[in-house]
Amino acid sequence: MRSAAFIVAVTTTFSTIVSTAPVAGGQSAQLPVYEVSRTSTAIKVDGKLDDPSWSKAPGTRKFINNSDGSSAPYETEAKILYDDNYLYFFFRCADENIWATLKRRDAHLWEEEVIEVFLQADPSQPSYIELEVNPLGTMLDIYLLDVRKPLRYESWNSEKLRWAVRVAGTVDGKGGDREWACEIALPFEDIVTAPRLPPRPGDRWRLNLYRVESRPVPTLLAWSPTRKDDFHLPGMFGWIVFTDRKVP
Ligand SMILES: [Ca+2]
Ligand SMILES: [Ca+2]
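Residues numbered from 1 in each chain as written. Chains lettered and ligands numbered in written order. Predicted model: local features only at pLDDT ≥ 70, side-chain atom pairs only at ≥ 80, totals over all residues.

Peer 1: Help me out: how do you make sense of the overall build of the protein in this one?
Peer 2: Within the protein, the secondary structure is distributed over one helix and 14 strands. Taking the intrachain contacts of the protein between residues at least 6 apart in sequence as the baseline, contacts between residues at least 24 apart amount to 62%. (Helix = DSSP H or I, 4+ residues; strand = E, 2+ residues; numbered from the N terminus. Contact = placed C-beta atoms within 7 Å.)

The structure is reproduced here in structure tokens:
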């Protein structure tokens, strides 16, 4: 169910506009809203945050525990930009022990450490896209027709999808690491349910961003916590709003 109430409050430091969603017990959860700036220069997808556009893009609020919205032990931040052809994501994950082993595209990356993007461009339709990237740079891309009803994801691949990771540490499950980062460029041409492509200022899509941590402590983190042990709850996704704010 979608919330009728949309924008409740605005602050300036982070994109912390919120909307609300009903949750169990008749209470409502606050859903984050991120205003997406438009980049004038193409993003170089190399896992580095050194593009001038990223420095001007606001960060999301810090990721929190998916189960209850409490503050998380690992710092995670994301940024989002768009241009005529792509929706860009940047994740930065502080991590003292980075771990993943899976190297085959579309492997079950969620069983290890990974970041995830869930995007529902038309909230009136049940379909959504799921992307996962692990610190080894392995991609899982899925097109779901409905909740947990994917097209065969080993064969559905976004052809123009680009991504890269950068690791400050070693991906070996041993301590002494600092962080890892991931950059993704998702081509609009694969977001087939979007009401308008490219999106125009004011267009609103549903989105959630997640992080699965395994070592040292298994933890599920979210930008917009679903408050269940389940990421596939589009009604609990946050919102992105495309703006005409331009960054270099
Ligand atoms: Ca870790
Ligand atoms: Ca795939």
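Now, onward.
Peer 1: Any chance you could explain the environment of Leu 197 here in plain terms?
Peer 2: In this fold, Leu 197 is placed in the loop between strand 11 (179-187) and strand 12 (204-213). Not counting residues within four places of it along the chain, the set of residues in contact with Leu 197 comprises Phe 188 and Ile 191.

Peer 1: Sorry, what's going on with unusual backbone geometry here?
Peer 2: Where the residue is not glycine, phi is negative for most of them; where a peptide bond is considered, it is trans in most cases. Cis geometry marks the peptide bond from Leu 197 to Pro 198; its omega dihedral reads -15°. You can see Pro 198 is positioned in the loop between strand 11 and strand 12. With an omega of 10°, the peptide bond between Arg 215 and Pro 216 qualifies as cis. Summarising the element assignment, Pro 216 is placed in the loop between strand 12 and strand 13 (219-222). Residues other than glycine seldom take positive phi values, yet Asp 106 does so here, at roughly 70°. Among the secondary structure elements, Asp 106 is positioned in the loop between strand 5 (86-94) and strand 6 (114-120). Phi is positive for Arg 227, which is not a glycine, with a value near 65°. Topologically, Arg 227 is positioned in the loop between strand 13 and strand 14 (238-247). Look at Arg 227 and you get partly exposed, because 18 C-beta atoms sit within 10 Å. (Buried ≥ 20, exposed ≤ 12 C-beta atoms within 10 Å, placed from the backbone.)

Peer 1: Please clarify how the nonpolar core should be interpreted in this entry.
Peer 2: Considering soluble globular proteins, one finds that nonpolar side chains tend to be buried as a cluster. Ranked by size, the top nonpolar core spans 62 residues in total, and within it Ile 80, Tyr 88, Leu 119, Val 133 and Ile 184 carry the most contacts. The greatest single-element share of this core, amounting to seven residues, is contributed by strand 5. With residues up to four places along the chain from it excluded, the contact list for Leu 119 reads Tyr 128, Ile 129, Ile 191, Trp 205 and Leu 207. (Core = buried A, V, L, I, M, F, W, Y, C linked by C-beta atoms within 7 Å.)

Peer 1: What should I look at first to understand the environment of Glu 96 in this one?
Peer 2: Along the chain, the position of Glu 96 falls in the loop between strand 5 and strand 6. Spatially, the C-alpha atom of Glu 96 lies 7.9 Å from that of Pro 216, the residues being 120 residues apart in sequence. Excluding residues within four positions of it along the chain, Glu 96 makes contact with Gly 175, Asp 177 and Pro 216.

Peer 1: Would you mind showing me how to read the pairing of strand 12 here?
Peer 2: For a regular strand, side chains alternate in direction, first toward one face of the sheet and then toward the other. Among the 10 residues of strand 12, nine are classified as buried, and the element is accordingly described as predominantly covered. Bridge count for strand 12 against strand 14 is four bridges, and the pairing is antiparallel. Bridge pairing in strand 14 links Arg 204 to Val 241. Two strands pair when backbone bridges link them, and strand 12 and strand 13 are joined in this way by four bridges, in the antiparallel orientation. Looking across to strand 13, one finds that Glu 213 is bridged to Thr 219. The antiparallel hairpin formed by strand 12 and strand 13 contains five residues in its connecting segment. (Pairing = 2+ DSSP bridges.)

Peer 1: Is there a simple way to think about the environment of Val 114 in this case?
Peer 2: With respect to the helices, strands and loops of the structure, Val 114 is situated in strand 6. In the structure, Val 114 is positioned 96 residues away from Tyr 210 in sequence and 8.4 Å away in space, judged by C-alpha atoms.

Peer 1: Is there a simple way to explain the confidence of the model for the protein in this structure?
Peer 2: Segments scoring low in pLDDT should not have their predicted coordinates read at a detailed level. Of the residues in the protein, 90% have a pLDDT of 70 or more, and the chain-wide mean is 91. Counted against residues more than four places away or in other chains, residues 1-16, with its pLDDT under 50, gives 29 contacts. (pLDDT = per-residue confidence, 0-100.)

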